[in-house]
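Each chain, letter by letter, is given below.
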Amino acid sequence: MSSTEVTDKTPAAAPPGGNGAGGGDGLLQLMLDGMRRNMRQYGMLIALGLIVALFAVWTDGDLLLPRNVSNLVLQNSYILILAIGMMLVIIAGHIDLSVGSLTAFVGSMAAVFMVKNDLPWPVAVILCLAVGALAGAIQGWFIAYGGIPSFIVTLAGMLTFRGLTEIFLEGQTLGPFPKGLQTVANGFMPEVGPETNYHNLTLLLGIGLIALVVLQEVRDRRRQKEFDLEVLPAKLFLLKLVALGAAILVVTMLLASYKGAPIVLLILGALLVGFGYVMRNAVVGRHIYAIGGNLPAAKLSGVRDKKVTFLVFLNMGMLAALAGLVFAARFNAASPKAGLNFELEAIAASFIGGASMSGGVGTVLGAIIGGLVLGVLNNGMNLVGIGTDWQQVIKGLVLLAAVGFDVWNKRKSGS
């Protein structure tokens, strides 16, 4: 066995004392070193697993009931959508305080289109996404080309969109929405195939997802080795694949035991794959990391920072519109009070998921993990009867701990 199968950067160290037990200790040390080097990437995954385990025990297993797992997805879908866009904004070195108000504004527009004017819901959805993109583009123009800080522009947007929501809805709740749109937000994949105790399409989807994840991880590892980049030790990499596959399988079985995968979960999956690919492989994704990590260097390298910033906020506006449609359809009404504190939840999910205050750091998967941490905390605390006052305290401490860990990790790396 070559030394690169254990560690792909340094030769294998001689076992202390020259005995076989020492070799096992050396491998354990390599695995611990690999975990330490990738703590940012895996820290929140470990934290999410511990939180799930804690509340699973605390609620006598109610947290992991198939019905509750489906509700977790449905209840947090719009926050997860917002978190994906917010992660890109934060990586680029900006912030967006307007997304909660924009989701409410788009929901009010959807109600005006579909309830008041009887527009077909697919047409109304396209118009609402266009409205969100336009709102994001306007804010992006002021930030990128006007030179106004994103905090100020999006704070103005938060106030403006909240006021427009009140104007369009005239201070009242408006609904109901068409059944087709409700199905997108609350529906599940159809049942096909022979009668079984599980949802067949969901099982097939889970198996395909496991295969896709394994292939992607192996491909990424091979590419990193080709460029002589540091990779996980072979046994730790195998352990990672087993853990990922087991986690996907457990979630798949839970969802297949109820009504199957929610349709909104498929939307989230498509967003995760699409934006994950863009941030890893596309030129614009690398430019987003570049302008957030070191703007002067990015400019000297020829990165069109203004255009990239404009596109980031345009994308955020479109995702906020999608979240607004999902939220309004889920509750079957547009409300002037919709979207309150959504921007804070999305920002918190991004930082908990590994984003850095200084920009240039973060992943789309991290945003999803951060959103799930908040979602499981909310759901678990509700199941055990913790009041909303203490829930806010606990979530605030979790956010502080996540950012504090990021600062500590940076200082340790720097030293």
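Residues numbered from 1 in each chain as written. Predicted model: local features only at pLDDT ≥ 70, side-chain atom pairs only at ≥ 80, totals over all residues. Heavy atoms only, no water.

- The name given to the protein chain in an unreviewed UniProt entry is Xylose transport system permease protein XylH, with Streptomyces caelestis as the source organism.
- Per UniProt, the comment on the protein chain under Function (unreviewed entry) is "Part of the binding-protein-dependent transport system for D-xylose. Probably responsible for the translocation of the substrate across the membrane." (UniProt positions renumbered as here; feature names shortened; annotations may be inferred.)

### Some thoughts on the pattern of salt bridges
Part 1 of the argument: Scanning the entire structure with this criterion turns up three salt bridges.
Part 2 of the argument: Measuring nitrogen to oxygen at the nearest pair gives 2.9 Å for the salt bridge that ties Lys-240 to Glu-217. Note that Lys-240 is positioned in helix α9 (residues 234-256) and Glu-217 in helix α8 (residues 200-226), a separation of 23 residues in sequence. One exposure class covers both Lys-240 and Glu-217, and it is buried. (Salt bridge = Lys/Arg side-chain N within 4 Å of Asp/Glu carboxyl O. Helix = DSSP H or I, 4+ residues; strand = E, 2+ residues; numbered from the N terminus. Buried < 20%, exposed > 50% of the residue type's maximum accessible area, 1.4 Å probe, protein only.)

### Looking at empty space enclosed by the protein
Part 1 of the argument: Applying the stated criterion to the full structure yields two cavities of 30 Å³ or more.
Part 2 of the argument: Computed from the structure, the second largest cavity encloses a volume of approximately 40 Å³.
Part 3 of the argument: In terms of lining residues, the second largest cavity is bounded by Thr-103, Ala-104, Gly-107, Ser-108, Gly-324, Phe-327, Ala-328, Ala-333, Ala-334, Ser-335 and Ala-338.
Part 4 of the argument: Those elements that place two or more of their residues in the lining of the second largest cavity are α4 (99-116) and α13 (305-331).
Part 5 of the argument: Looking at side-chain class alone, the lining of the second largest cavity contains six nonpolar, five polar and no charged residues. (1 Å grid on protein atoms, 1.4 Å probe; cavity = no way out; pocket = protein on both sides within 12 Å on 5 of 7 lines; lining within 4 Å. Points joined across faces, edges and corners; volume = space filled by probe spheres on them. Nonpolar A, V, L, I, M, F, W, Y, C, P; charged D, E, K, R; others polar.)

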